[in-house]
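Observations on the model geometry
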Amino acid sequence: MAELVGPRLYSCCNCRNQVALHDDVISKSFQGRNGRAFLFSHAMNIMVGPKEDRQLMTGLHTVADVYCCDCREVLGWKYERAYEESQKYKEGKFILEKSKIVIENW
């Protein structure tokens, strides 16, 4: 008999709060503060901090750090604004650092 398996998820590495769906991964080839990071179209169960301009590898962006809503662990950031035309696709999207999330239901 086949097992019922839920959606593939990513959870906070600290408290296992579910923060993103695998289906929302846009790219796995981004760079975070602490190594590899994933770009997601959506995130859940997070809090968004204040906006700030930050010089990143791909230019100047307005970003806001994102935190797990349960344990307050910093998981990555949300792109609020991209100043370069070629980077506009990132606006409204989320970076979650690979070292801060764990895979569930695989």
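Residues numbered from 1 in each chain as written. Predicted model: local features only at pLDDT ≥ 70, side-chain atom pairs only at ≥ 80, totals over all residues. Heavy atoms only, no water.

As recorded in an unreviewed UniProt entry, the protein goes by the name Protein yippee-like, listed as coming from Hibiscus trionum. Regarding the protein, the relevant UniProt record gives this comment under Sequence similarities (unreviewed entry): "Belongs to the yippee family." (UniProt positions renumbered as here; feature names shortened; annotations may be inferred.)

Taken in spatial order, the six strands of this open sheet run β3-β4-β8-β7-β6-β5, and their pairing is antiparallel. Here the strands that pair on one side only, and so sit at the sheet edges, are β3 (25-32) and β5 (46-56). Strand after strand, the sheet turns through a mean of 30 degrees between neighbouring axes, direction not considered. Two strands pair when backbone bridges link them, and strand β4 (residues 35-40) and strand β8 (residues 94-97) are joined in this way by four bridges, in the antiparallel orientation. Counterpart to Ala37 in the pairing with β8 is Glu97. (Pairing = 2+ DSSP bridges. Helix = DSSP H or I, 4+ residues; strand = E, 2+ residues; numbered from the N terminus. Axes fitted to C-alpha atoms, helices over the stretch in contact; angles between N-to-C directions.)

On to the sheet that holds strand β2 (residues 18-21), then. Across the sheet, three strands lie side by side as β2-β1-β9; this open sheet has antiparallel pairing. Single-partner strands in this sheet number two, and they are β2 and β9 (101-104). With strand direction ignored, the average angle separating the axes of adjacent strands in the sheet is 35 degrees. When strand β1 (residues 9-12) meets β2, the two strands line up antiparallel, connected through three bridges. Across the sheet, Leu9 pairs through a bridge with Leu21, a residue of β2.

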